[in-house]
There are 2 protein chains.
Amino acid sequence: MRASYVLIGRTHKRIGYELGYTKKLDRLAELIQVNAKATDGIVTAMRRIYAQELSVSSATLWSSFPSTVRETPIDSHSLSRIREALKHFVRDWSDAGSSERSVIFQPILSAVSTLPAPSRSRSRVLVPGSGLGRLAHEISQLGYDVTACELSAYMNGAFRFLLDSEMTTTVYQHEIHPYAHWWSHSRNTADLFRGIRFPDVIPRLAEEETVGLHLTEGDFLALNAPTPLAGSDSSRANGYDFIVTLFFIDTSVNILSTLEQIHKLLKPGGTWVNLGPLLWCSSAQARLELTLEELFDAMEAVGFAVAGGRDGNDDDEPDCMKRRTIPCEYTHDDKAMMRWIYEAEFWVARKYERQAALVGTSIVTIQ
Amino acid sequence: MRASYVLIGRTHKRIGYELGYTKKLDRLAELIQVNAKATDGIVTAMRRIYAQELSVSSATLWSSFPSTVRETPIDSHSLSRIREALKHFVRDWSDAGSSERSVIFQPILSAVSTLPAPSRSRSRVLVPGSGLGRLAHEISQLGYDVTACELSAYMNGAFRFLLDSEMTTTVYQHEIHPYAHWWSHSRNTADLFRGIRFPDVIPRLAEEETVGLHLTEGDFLALNAPTPLAGSDSSRANGYDFIVTLFFIDTSVNILSTLEQIHKLLKPGGTWVNLGPLLWCSSAQARLELTLEELFDAMEAVGFAVAGGRDGNDDDEPDCMKRRTIPCEYTHDDKAMMRWIYEAEFWVARKYERQAALVGTSIVTIQ
């Protein structure tokens, strides 16, 4: 921004000075340093954790990377991913994000709360694309055994920073200025530069072998169905009782592979809870970009039945299980002069007891 | 999209076929041809009009371009500009666009309607960044002499296509499928592929020297203040009585130059009416990216007073002149599962009788 600003003429620079624009550029430079405390903390946590896993020192780990990696300047794509991860601190772990969270979490938490509390500790839940993990944490607070699965190292590093008992010890310990970088749609500088403190609660992973919150860093498509938890008597089949996808399925390169994987990982009769938009990753990358109608057809072809029917008209289901449209936002800035409203779709779908196949234009089940 | 689709495996292709995905790809190819009727018409109109202006034949004009121009394949940037121009047919000249138009046009038309009707034919209005010209047309229908000014050849070609008495002869003559190209956020294929007919009314330019709608194709920053219209007795100064900017000022590379040019082109006491967001063109291009507060400071520095005060609290002004926030959309698709809501700012500002300069941190007028 400074490089652009210096190109204006002397008279305009005088006006810019009187407007306080040069001071604002200086303040941005300071806030970038404040934000860097969080990003440095993330890097420290990541080095230490991955070094522990590899049983080497952090310095040894770092020096083991090729110099091209250690010295590569950050590119604009990485920068935007880092800024996105910072905004997820707000969305997932700050008071400022609570209104956005309540809109998208509440329908999901209501749907998984239909299982009686005593059964929950014997039930596994998977949250693919779990980001900074707040939803997975909330579901684990209901008493479930929850696995958060996230592919992005940007997200995993940021989440590890919160999970780490040395890096994050108290609530509201950290501060970032997540809106300082983009000066459009802003009413005043105070709003633009405001700080957000986090986390509002401190998340911790469960010990190995105990029920609680677990993290798998990797590709959801590579997961295998887990064995049943101890005491799980209702079904001895492998697989998850629930899979919960929030703003996830439209990130699929091949949505059919995603549907098949959700189907494969669920126990027979298991439940898939989804909330999100249909913003397919750019057409060059996404193999198929389905309409909602086509997506429901594909779900039936793969072996899912939408609870309450596609139109949410089946009265045999409680309302909290029925398909509906939920207007919501995503890492929004409530002070900005702009809002992106997703008319996201919520549905609960159950895995057929038997595998389904598509024959002709009708869906039939095969033995 | 077809190139991405063919990369999926045989089993998925079978599901895709059953979903009707291959038929949908075929239908898109057909609709691209339908849309091409409009874009071909635009090119024909442009060639003929510019040939007339240069007193050569259309074929001679075309052959006079270097072969590199004639044979350059269209790039993705041009394609997105063409799609944007097509969406402006919907926004400006279709029934489907009327609700979006009414939200953003009505405040502006109310503000310029405060001038009594008999004075209007002696008053000049400038609409910079006029796009496909509907707002300028509407203001001319109130009785004003209106100059639409637009830099983009994409927009000007499309507007010429409507203005041309050979290309556009009847209402709803043309049809496009403006939402066919982007398959995200769609509920069903019928919505995605729907056709929009236009124009709902037929615009025509005024003859030279007569009061009505005029078009200047070029850069607003290069315009000079016009001489007074015949019969204009209230002020013999050069300049426009009104300048109307709609979704325009944030496209400025240097907003201070834009403010100075609006100031220069207005008559003393002339009126600037603005409605729009503050989505500054990308930081690499925009020299300054001001907050709303800074923008008002800059306006005062350049020589404008906001009608009713910045907070819209001055009761000496009628409500229709007061600064306010107007939630609105921009070339939106009312069937899509996504909405972009701009909290756009509306204001009326008047040019000081005397030039203003900024001294210290306070605004003073100089003789």
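Look above for the structure.
If you're wondering where the values come from, they're calculated on a predicted model, not measured in any experiment.

Draft legend 1. Fine view of the pairing of strand E7 (residues 266-276) of chain B. Residues and elements named next belong to chain B. Here E7 lies mainly inside the structure; nine of its 11 residues are buried. Sheet topology note: the strand E6 (residues 240-246)/E7 ladder contains six bridges and is parallel. Across the sheet, Val244 pairs through a bridge with Val273, a residue of E7. Each parallel crossover has a hand, and the one from E6 via helix H12 (residues 255-265) to E7 is right-handed. The sheet contact formed by E7 and strand E10 (residues 338-351) spans six bridges and is antiparallel. Bridge pairing in E10 places Asn274 opposite Trp347.

Draft legend 2. Representation of helix H10 (residues 153-163) of chain B in the model. Residues and elements named next belong to chain B. Within H10, nine of the 11 residues are buried, which leaves it mostly tucked inside the rest of the structure. Of all the positions in H10, only Met155, Asn156, Gly157, Ala158, Phe159, Arg160, Phe161, Leu162 and Leu163 are classed as buried. As for H10, its buried residues are in contact with helix H3 (21-54), helix H6 (76-93), strand E2 (145-150), strand E3 (174-176), strand E4 (196-198) and strand E5 (213-217). Capping of H10 at its N-terminal end is provided by Ser152; its side-chain oxygen lies 3.1 Å from the backbone amide nitrogen of Tyr154.

Draft legend 3. Highlighting the interface of chain A and chain B. With 58 residues of chain A at the contact, the number on the chain B side is 58 residues. Here chain A meets chain B over a buried area of about 5200 Å², counting both sides, of which 55% is carbon and sulfur. Viewed at the interface, chain B and chain A are joined by six salt bridges. Among the salt bridges present, the one from Arg187 of chain A reaches Glu345 of chain B, with a minimum N-O distance of 2.5 Å. One can count 30 residue pairs in polar contact (both at pLDDT 80 or more) joining chain A with chain B. Where the side of chain A that touches chain B is concerned, the elements lending two or more residues are helix H1 (2-5), helix H2 (10-19), helix H3 (21-54), helix H11 (189-192), helix H12 (255-265), helix H13 (292-302), strand E10 (338-351) and strand E11 (356-359) of chain A. Top element by residues in the side of chain A that touches chain B is E10 of chain A. It accounts for seven residues.

Draft legend 4. Fine view of unusual backbone geometry. All names here are of chain A. Of note, the bond from Phe198 into Pro199 is cis; its omega dihedral lies within 30 degrees of zero at -5 degrees. Position of Pro199 relative to the elements: it lies in the loop between strand E4 (196-198) and strand E5 (213-217). For Glu209, which is not glycine, the phi dihedral falls at a positive 75 degrees. Its place among the elements puts Glu209 in the loop between E4 and E5. Positive phi, close to 50 degrees, is recorded for Phe247, a residue that is not glycine. Positionally, Phe247 belongs in the loop between strand E6 (240-246) and H12.

Conventions used here
Residues numbered from 1 in each chain as written. Chains lettered and ligands numbered in written order. Predicted model: local features only at pLDDT ≥ 70, side-chain atom pairs only at ≥ 80, totals over all residues. Heavy atoms only, no water. Buried < 20%, exposed > 50% of the residue type's maximum accessible area, 1.4 Å probe, protein only. Helix = DSSP H or I, 4+ residues; strand = E, 2+ residues; numbered from the N terminus. Pairing = 2+ DSSP bridges. Right-handed = clockwise from strand over helix to strand, strands pointing away. Contact = heavy atoms within 4.5 Å. Polar contact = N/O pair within 3.5 Å; in protein donor to acceptor, adjacent residues only side chain to side chain. Buried area = accessible area lost by both parts, 1.4 Å probe. Salt bridge = Lys/Arg side-chain N within 4 Å of Asp/Glu carboxyl O.

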